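# Architecture and fold: a report
Spelled out, the chains give:
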Amino acid sequence: MKAIYQMKFECGRQGCLTGIFTAKVDAMRVLIDSGREVYFGEVLGKHSEVCGPVTQAEIKLISDYCGHVDLFEALGMATGYNPFDYIDGGEDAVIEDGANHDQMNAAITDYWFEHYNSRDQEHGLCSLCGNSGIIDTRATAVSAAGVRAGRKNFCICPNGQSLRESKQRASHDQP
Ligand SMILES: [Zn+2]
């Protein structure tokens, strides 16, 4: 399914990129949820190097009624910047990346469920983090030679994964 979207991509003091275009709804969802960086290049003049994630606040759904979408495309009404024009493979590549990502996360969740879910104790808590989503090994992960290898990490459980993903959108790799 496709929809008509309006984008107002903020580029700080340089201004903003606007566009009205159609895109697959699934592709737009993955683009926003993944926090993927879109590289627009020097679109606002030499050395402007516009790039960054497209956020929910920068995208407005104009219509997903197929009559509107068909008419919009038939009349060639797209104008301005479409982020998918700046991604190799466009919408389909974004959808595929999203599916791969979901599959990878599902594999990790299965592994966690199999080995680190304390379901035998009947409360279904994560045996690594107690469902806080964060594991702090700074005091415990010390090598035989006394090197402190610990770190505050996101857990591999579903809570940890969703915390990581929401923090990644704000570009933090560590909690
Ligand atoms: Zn956990």
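Everything here concerns the structure above.
Residues numbered from 1 in each chain as written. Predicted model: local features only at pLDDT ≥ 70, side-chain atom pairs only at ≥ 80, totals over all residues.

## Focus on the pairing of strand β1 (residues 2-10)
The side chains of a regular strand alternate, first on one face of the sheet and then on the other. One ladder, built from nine bridges, connects β1 with strand β2 (residues 16-24); its direction is antiparallel. When the bridges of β2 are listed, E10 appears paired with C16. From the end of β1 to the start of β2, which pair antiparallel, there are five residues, and G12 there has a positive phi angle of about 65°. (Pairing = 2+ DSSP bridges. Helix = DSSP H or I, 4+ residues; strand = E, 2+ residues; numbered from the N terminus.)

## Remarks on the packing of helix α1 (residues 25-34) against helix α3 (residues 90-115)
Closest axis-to-axis distance for the α1/α3 pair is 8 Å, and the angle between their directions is 60°. Judged by the inter-axis angle, α1 sits oblique to α3. The interaxial crossing formed by α1 with α3 has left-handed handedness. Of α3, the residues touching α1 (which contributes D26, A27, V30, L31 and S34) are E91, V94, I95, D97, G98 and H101. Residues belonging to the contact of α1 with α3 are distributed by class as follows: five nonpolar, three polar and three charged. (Axes fitted to C-alpha atoms, helices over the stretch in contact; angles between N-to-C directions. Parallel < 35°, antiparallel > 145°, perpendicular 65-115°, else oblique. Left-handed = near helix turned anticlockwise from the far one by under 90°. Contact = placed C-beta atoms within 7 Å. Nonpolar A, V, L, I, M, F, W, Y, C, P; charged D, E, K, R; others polar.)

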